[in-house]
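If you want the building blocks of each chain, they are given just below.
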Amino acid sequence: MPACEELTRPAVSLPRSVPLKVQLSPAPASTAVRFQQYPTFGFTTKAQGIVRELANQVFVSEAYNPAAGPPEPVKQSYIAIWDTGATNTVISRKVVQELNLQASGRIQVQAVGAGDKVHEYETDTYLVNLFLPNNVLIIGIRVSEGTIGGGDVLIGMDVITHGDFAITNYNGQTWWTFRVPSNEPIDFVQEIEEHKKTHSSRPASTPEH
Amino acid sequence: MLEREFHYYKTHERELVERYPGKFIAIVGEEVVGVFDDELTAYLEMKKKYGLGKFLLQECLPVKNSHVQRYHSRVAFR
């Protein structure tokens, strides 16, 4: 995992209906961010330099309902890779073994390999709770088992589409940021147009010599 | 694990989706033993009743290939 700094920033939004349950910790009102009415959480990871994989430490446990109280199942820390090319979240065999998970489903997977060949397999699925760095607990997410390059958890689009996810590489430093639930759209084209309008409407200044 | 249950679902997918649209069903062997609104409730109740690894949970979605996931990188399955 690259050297990086993680910041937790409370945010707020109108929550949308999501198939998975997301538990949010309450955000201090004094730190609420713009355009936001309801508490949300987000985190920003700031890598030192450009990175080509987005990795974070997460915790995983067998699925349980936190509202039911103790005892809670064991949870362990793993390196997770964010992957928009994966429709769903995957865990490695190591996670399955260390948490003593038992399959509760099966799924057909299509993996795109060398030469764009699509390989189809059947694999077991497990129900887990996923603890993201931003204090967001995703309860009862169905994950499949596979071999993952660079980590033990692959965070797929099923998690990413719970909120807003962005990556920037300004000044040669990769930052990625995630918030749940989704807050507002990000539109670079709109930002560029607004920037142009703002600057073109300014009165021409006298050049300084 | 659960190959028999998954095979049963795939071969009866159409009728199960018609009968339990949007629900999570629990299958043991070739029998539907529970119908639930959400997967976590199904998991916790079936875990108590049958023990883990003995039941298959499946969402009955009226979408073609709803039991197929797709990966373009980083992951390999056996």
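Residues numbered from 1 in each chain as written. Chains lettered and ligands numbered in written order. Predicted model: local features only at pLDDT ≥ 70, side-chain atom pairs only at ≥ 80, totals over all residues.

1. A few points about the overall build of chain A
The helix and strand tally for chain A stands at three helices and 13 strands. Within chain A, buried positions represent 35% of all 209 residues. (Helix = DSSP H or I, 4+ residues; strand = E, 2+ residues; numbered from the N terminus. Buried ≥ 20, exposed ≤ 12 C-beta atoms within 10 Å, placed from the backbone.)

2. Comments concerning the pairing of strand S9 (residues 137–145) of chain A
Residue and element names in this part refer to chain A. Taken across its nine residues, S9 has eight buried, putting it largely inside the fold. Where strand S6 (residues 90–91) lies against S9, two bridges are found, and the strand directions are parallel. Bridge assignment links isoleucine 91 to a residue of S9, and that residue is glutamate 145. Bridging between strand S8 (residues 118–131) and S9 involves six bridges; their strand directions are antiparallel. Counterpart to valine 128 in the pairing with S9 is isoleucine 141. (Pairing = 2+ DSSP bridges.)

3. A short note on the interface of chain B and chain A
Contact residues are listed per partner, giving 25 residues for chain B and 33 residues for chain A. Broken down by secondary-structure element, the contributors of at least two residues to the side of chain B that touches chain A are helix H3 (39–50), strand S3 (56–59), strand S4 (68–71) and strand S5 (75–76) of chain B. Among the residues forming the side of chain B that touches chain A, the class breakdown is 15 nonpolar, six polar and four charged. Of the pairings in the sheet, the one linking strand S7 (residues 105–112) of chain A to S4 of chain B comprises four bridges and is parallel in character. Across the sheet, alanine 111 of chain A pairs through a bridge with tyrosine 71 of chain B, a residue of S4 of chain B. (Contact = placed C-beta atoms within 7 Å. Nonpolar A, V, L, I, M, F, W, Y, C, P; charged D, E, K, R; others polar.)

4. What about the environment of proline 133 of chain A?
By secondary structure assignment, the location of proline 133 of chain A is in the loop between S8 and S9. With 90 residues separating them along the chain, proline 133 of chain A and phenylalanine 43 of chain A place their C-alpha atoms 6.9 Å apart.

5. Regarding the environment of threonine 168 of chain A
Tracing the backbone through its elements, the reader meets threonine 168 of chain A in strand S12 (residues 164–168). Separated by 122 residues in sequence, threonine 168 of chain A and lysine 46 of chain A have C-alpha atoms that sit 9.7 Å apart.

6. Digging into unusual backbone geometry
Residues proline 70 of chain A and proline 71 of chain A are joined by a peptide bond in cis, for which omega reads 0°. In this model, valine 180 of chain A is joined to proline 181 of chain A through a cis peptide bond whose omega is -5°. On the secondary structure map, proline 181 of chain A appears in the loop between strand S13 (175–180) and helix H3 (188–200). At asparagine 171 of chain A, a residue that is not glycine, the phi angle is positive and equals roughly 55°. With respect to the helices, strands and loops of the structure, asparagine 171 of chain A is situated in the loop between S12 and S13. The class for asparagine 171 of chain A is exposed, based on 6 C-beta atoms found within 10 Å. A positive phi is found at leucine 2 of chain B, a non-glycine position, where the angle reads about 60°. Among the structural elements, leucine 2 of chain B can be located in the segment before helix H1 (3–11).

7. Points about the nonpolar core
A general feature of soluble globular proteins is that nonpolar side chains tend to end up buried together. One finds Val60, Ile81, Val128, Leu130 and Val153 of chain A to be the most contacted residues of the largest nonpolar core, which totals 57 residues. In contact with valine 128 of chain A, other than residues within four places in its own chain, are Val60, Ser61, Glu62, Ala63, Ile141 and Val143 of chain A. (Core = buried A, V, L, I, M, F, W, Y, C linked by C-beta atoms within 7 Å.)

8. Considerations on the confidence of the model for chain A
Predicted coordinates in regions of low pLDDT should not be interpreted in detail. All names here are of chain A. Taken as a whole, chain A shows an average pLDDT of 81; of its residues, 76% reach a score of 70 or greater. Confidence over residues 7–20 falls short of pLDDT 50; this stretch has 47 contacts with residues more than four positions distant or in other chains. In the predicted structure, residues 24–36 sits below a pLDDT of 50 and forms 24 contacts with residues beyond four places in sequence or in another chain. (pLDDT = per-residue confidence, 0-100.)

9. Some details on the confidence of the model for chain B
All names here are of chain B. The pLDDT averaged across chain B works out to 90; a share of 86% of its residues lies at or above 70. When the elements of chain B are averaged for pLDDT, S5 gives the smallest value, 68, and strand S2 (residues 31–36) the largest, 98. Taken together, the chains of this predicted complex give a pTM of 0.80 and an interface ipTM of 0.88.

10. Focus: H3 of chain B
With 12 residues, H3 of chain B extends 16 Å between its outermost C-alpha atoms, agreeing within 8% with the 16 Å of an ideal straight helix rising 1.5 Å per residue. Taken together, the buried positions of H3 of chain B are occupied by Glu39, Leu40, Ala42, Tyr43 and Met46 of chain B. Down the axis, H3 of chain B shows its buried residues gathered within 155° of arc, on one side only. For H3 of chain B, the secondary structure elements touched by its buried residues are S8 and S9 of chain A together with strand S1 (24–28), S2 and S3 of chain B. Downstream of H3 of chain B by a residue or two, glycine 51 of chain B has a phi angle that is positive, lying close to 90°. (Expected span 1.5 Å × (residues − 1). Arc of directions from axis to C-beta.)

11. Re the sheet that holds S2 of chain B
Residues and elements named next belong to chain B. Across the sheet, three strands lie side by side as S2-S1-S3; this open sheet has antiparallel pairing. The open sheet has two edge strands, S2 and S3, and neither has a second partner. Going from strand to strand, the sheet's axes swing by 30° on average, the running direction of each strand aside. (Axes fitted to C-alpha atoms, helices over the stretch in contact; angles between N-to-C directions.)

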